[in-house]
Amino acid sequence: MPSIRNIPVLIVGGGPVGLALAADLGWRGVGCELIEQGDGAIVTPKMNEVNVRTMEFCRRWGIAEKVLNCPFPADYPFDVAFVTSLGGHEIGRMRRPARARQTPERHSPMRLQACSQMWFDPILRSFAQSAPSVRLRHRTRLEAFEDTGTGVMADIVDLESGRRERIAADYLVGCDGATSMIRSALNIGLAGQGVMGHPLHLFFRAPDLLKQCGKEPGTFFLAIDRDGLWANIRVIDPANDMWRLMVLDTDGKQTPETIDRDALMRRAVGRPMPVEWLGLSIWSRRSLVAESYGKGRVFLAGDAVHQLSPTGALGMNTGIGDAVDLGWKLAATVQGWGGDNLLASYDAERRPIGLRNVGMAAEFYLAHEHFEDGLSAIEDDSEQGRTLRARLGRELERDVGAMFRTVGLQLGYRYEDSPICVSDGTHAPPDDPEKFVPSARPGSRAPHVVLRDGRSSLDFYGRGFVLAQFGAGAPDGAEIAAAAAARGVPLRTATIEEPEAAELHERKLVLVRPDGHVAWRGDREPADALAVVDRARGG
Ligand SMILES: Cc1cc2nc3c(=O)[nH]c(=O)nc-3n(C[C@H](O)[C@H](O)[C@H](O)COP(=O)(O)OP(=O)(O)OC[C@H]3O[C@@H](n4cnc5c(N)ncnc54)[C@H](O)[C@@H]3O)c2cc1C
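All values derive from a computational prediction rather than experimental measurement.

## Overview of the sheet that holds strand 12 (residues 200-205)
Step number 1: The 7 strands lie next to each other as 5-4-13-14-15-12-16, forming an open sheet whose pairing is mixed. At either end of the open sheet lies a strand with only one pairing partner, and these are strand 5 (90-94) and strand 16 (276-282). The mean angle between the axes of side-by-side strands here comes to 20°, regardless of whether they run parallel or antiparallel.
Step number 2: Pairing analysis gives 6 bridges linking strand 13 (residues 220-225) to strand 14 (residues 228-237), with the strands arranged antiparallel. For L222, the partnering residue across the bridge sits in strand 14 and is N232.
Step number 3: Across the sheet, helix 10 (residues 383-399) lies against strand 4 (80-83), strand 5, strand 13 and strand 14, angled at about 30° from strand 5, the strand it touches most.

What follows is the structure, encoded as structure tokens:
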């Protein structure tokens, strides 16, 4: 019989979402163990774009500089271009300046960063590992588990030695990816549009690729020829000439042996192009959300509960949002100040965001399909060809380019009808992927304001609750502070004097949760401060 160890939280899966959860719990001083069946090596990196909200979390954790200083060159432009082929006509270009030339984002202290998973995961991993309360183990697999009602018994195996072990955890979190065995064992189904296609990734090295093709530097090239919009070519590691050709859809029957990589490269470039092939992956484009984000003491996060088209770069970023929402709630519960209903609010808050983001990602992908017909003259050197290319350039930028204009999507998600936020009866601003309207309505991400000392108001948030006071004559919040103390809820007050901050927050007192979302706001202390604090801590 294997020995039993007791731990607060067992995380299964060391992809970016499991690592982010371990990092957040470690940052909060909560004990957790993360097991990952692989060895941590990333053979074919998927994710490349760390969005603005995830960068804000990285800033909170103190690792934003590491992500910004990843090997993606600061002076390499993020331009997106539409081409008939890399060596053919460029029919549209969305200018997106290199990091070194960007102006600050109006609504955030951070900007979206290109940082391949092959760099991002190791940054998260070493940060998580630096916390004394975190233990990470590779080549270790969860084989079975049982929710006993008072804890979770997990059977794990060390894949190197074959040694089996039983762990008793207060909570189990499955960050075990799209094929989640934990989700299956809990009998939780997935619902949605299902499989939307079978894309193919080909990784390659090609020095001076763009120079050889006569193109200006750019990060993402979408290829449209007489048969339609069929591929994109993306730089992964400019300093090492590493690229990825993604064929948007295949018949799903191809195997690595039957794929003619050179022919695909010829089509992508418009002529034969010798490259060094690095790797290949065939996968399924899915659009699915789990019917529930957990059961009892077992929770699910990341691809285990939402699988979406990579159009819009939302997969990992949505999963990291899950980890941040769950992280403080697990911490509060383990530390004893979280109420009995706190963990249940994870599903109530995050599942609607999963549905929102999966839906928007699918819409971005479906926009590609509008560009299939009437393209026979697209490469012609004729008046007809020129006119067609000019029209398509505008339409592609407007429709397909929308997936690169997503500040509203990244920052505008909010927890409407959350059981742990106190609605103030105001109307939500429109949820427009392209436009972000900052708001301190309960459920929203508390807005960013540049403070006189150059910091962001977001820098106040993260550890415990913060009662932010705005403008002259703001109440001192003593009743809320006393209520928090009575319940053992960590809370501090922050006075934010900048007039534009008072205007943006619209109330004199704003109670901000440890994840940076607003729980309550008002111009006076609430009539029943204890009721507000109890609601916010899920009591
Ligand atoms: C082409 C492409 C481009 C993308 N680009 C972006 C992007 O730019 N931005 C973005 O946000 N997202 C992007 N994504 C999506 C993103 O890659 C995924 O959403 C993300 O990797 C999911 O992370 P995860 O941690 O939930 O799951 P995974 O990364 O799948 O990790 C799950 C881990 O669990 C482990 N595991 C499974 N079962 C067990 C077990 N029983 N015991 C122990 N370990 C187990 C697995 O080995 C695996 O390492 C892209 C995806 C694709 C396909």
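## Regarding the pattern of salt bridges
Step number 1: Following the criterion strictly, the structure yields 44 salt bridges and no others.
Step number 2: A salt bridge links R166 to D155; its shortest N-O distance comes to 2.8 Å. Here the residue R166 occupies a position in strand 10 (residues 164-174), and D155 occupies one in strand 9 (residues 152-158), the gap between them amounting to 11 residues.
Step number 3: If you follow the salt bridges from partner to partner, you end up with R5, E33, R135, R137, R163 and E165 in one network.

## Notes on the nonpolar core
Step number 1: Counting 133 residues, the largest nonpolar core has W61, F120 and F204 as its most contacted members.
Step number 2: Every residue in contact with F204, bar those within four places of it in the chain, is listed here: L209, I233, D241, M242, W243, R244, L245, M265, V275, E276, W277 and L278.
Step number 3: Residues L342, L467, V489 and A519 belong to the second largest nonpolar core, which totals 19 residues.

## A short note on unusual backbone geometry
Step number 1: Here D241, not a glycine, exhibits a phi torsion of approximately 55°, which is positive.
Step number 2: Inspection of the secondary structure assignment puts D241 in the loop between strand 14 and strand 15 (242-247).
Step number 3: Given the relative accessible area of 23%, D241 is considered partly exposed.
Step number 4: With phi around 65°, E506 is a residue other than glycine that occupies positive phi space.
Step number 5: Checked against the element boundaries, E506 lands in the loop between helix 13 (499-505) and strand 23 (509-512).
Step number 6: Under the relative-accessibility criterion, E506 is labelled partly exposed at 47%.

## A few points about the site of the ligand
Step number 1: The ligand sits among 31 residues. The nearest are E36, H201, D303, M316 and N317.
Step number 2: Note that a nitrogen atom of the ligand is positioned 3.4 Å from one of the backbone N or O atoms of G315.
Step number 3: Protein chains shield 87% of the accessible area of the ligand, which is 1000 Å² for the free molecule.
Step number 4: Of all the elements in the fold, those that place two or more residues in the shell around the ligand are helix 1 (16-27), strand 8 (140-147), strand 15 and helix 8 (315-335).
Step number 5: Of the residues contributing to the shell around the ligand, the split by class is 13 nonpolar, 11 polar and 7 charged.

## Digging into the side chain of K329
Step number 1: If you trace the backbone, K329 turns up in helix 8.
Step number 2: Of the polar contacts made by the side chain of K329, one reaches the side chain of E349; its length is 2.7 Å.
Step number 3: Here K329 is in contact with L342, L343, S345, Y346, E349, I420 and R513, once residues within four sequence places are set aside.

## Observations regarding the packing of aromatic side chains
Step number 1: For the structure shown, the criterion picks out 14 aromatic pairs.
Step number 2: Between F221 and W243, the ring centres sit 6.3 Å apart and the planes meet at 45°, which makes this aromatic pair tilted. Here the residue F221 occupies a position in strand 13, and W243 occupies one in strand 15, the gap between them amounting to 22 residues.
Step number 3: When its relative accessible area of 4% is taken as the criterion, W243 is described as buried.

## A few points about the sheet that holds strand 24 (residues 518-522)
Step number 1: One open sheet accounts for 4 strands, arranged 22-21-23-24; its pairing is mixed. Edge positions in the open sheet fall to strand 22 (491-496) and strand 24, since each of these has one partner strand only. In this sheet, neighbouring strand axes are inclined to one another by 20° on average, regardless of whether the strands run parallel or antiparallel.
Step number 2: Strand direction decides the pairing type here: strand 21 (residues 465-470) and strand 23, joined by 4 bridges, are antiparallel.

## What to know about helix 10
Step number 1: Across its 17 residues, helix 10 extends 24 Å between first and last C-alpha, which sits within 8% of the 24 Å expected from 1.5 Å per residue.
Step number 2: For helix 10, the complete set of buried residues consists of G385, L388, R389, L392, G393 and L396. For helix 10, the angular spread of the buried residues around the axis is 140°, confining them to a single face. For helix 10, exposure combined with an orientation more than 90 degrees from the buried face picks out E383, R394 and R398.

The rules behind the values
- Residues numbered from 1 in each chain as written.
- Predicted model: local features only at pLDDT ≥ 70, side-chain atom pairs only at ≥ 80, totals over all residues.
- Heavy atoms only, no water.
- Pairing = 2+ DSSP bridges.
- Helix = DSSP H or I, 4+ residues; strand = E, 2+ residues; numbered from the N terminus.
- Axes fitted to C-alpha atoms, helices over the stretch in contact; angles between N-to-C directions.
- Contact = heavy atoms within 4.5 Å.
- Salt bridge = Lys/Arg side-chain N within 4 Å of Asp/Glu carboxyl O.
- Core = buried A, V, L, I, M, F, W, Y, C linked by side-chain atoms within 4.5 Å.
- Buried < 20%, exposed > 50% of the residue type's maximum accessible area, 1.4 Å probe, protein only.
- Near = heavy atom within 4 Å.
- Polar contact = N/O pair within 3.5 Å; in protein donor to acceptor, adjacent residues only side chain to side chain.
- Areas by Shrake-Rupley, 256 points an atom, 1.4 Å probe, with all protein chains shown as cover.
- Nonpolar A, V, L, I, M, F, W, Y, C, P; charged D, E, K, R; others polar.
- Phe/Tyr/Trp six-rings, centres within 6.5 Å; stacked < 30°, edge-to-face > 60°.
- Expected span 1.5 Å × (residues − 1).
- Arc of directions from axis to C-beta.

Coordinates in, geometry out; function isn't part of it.
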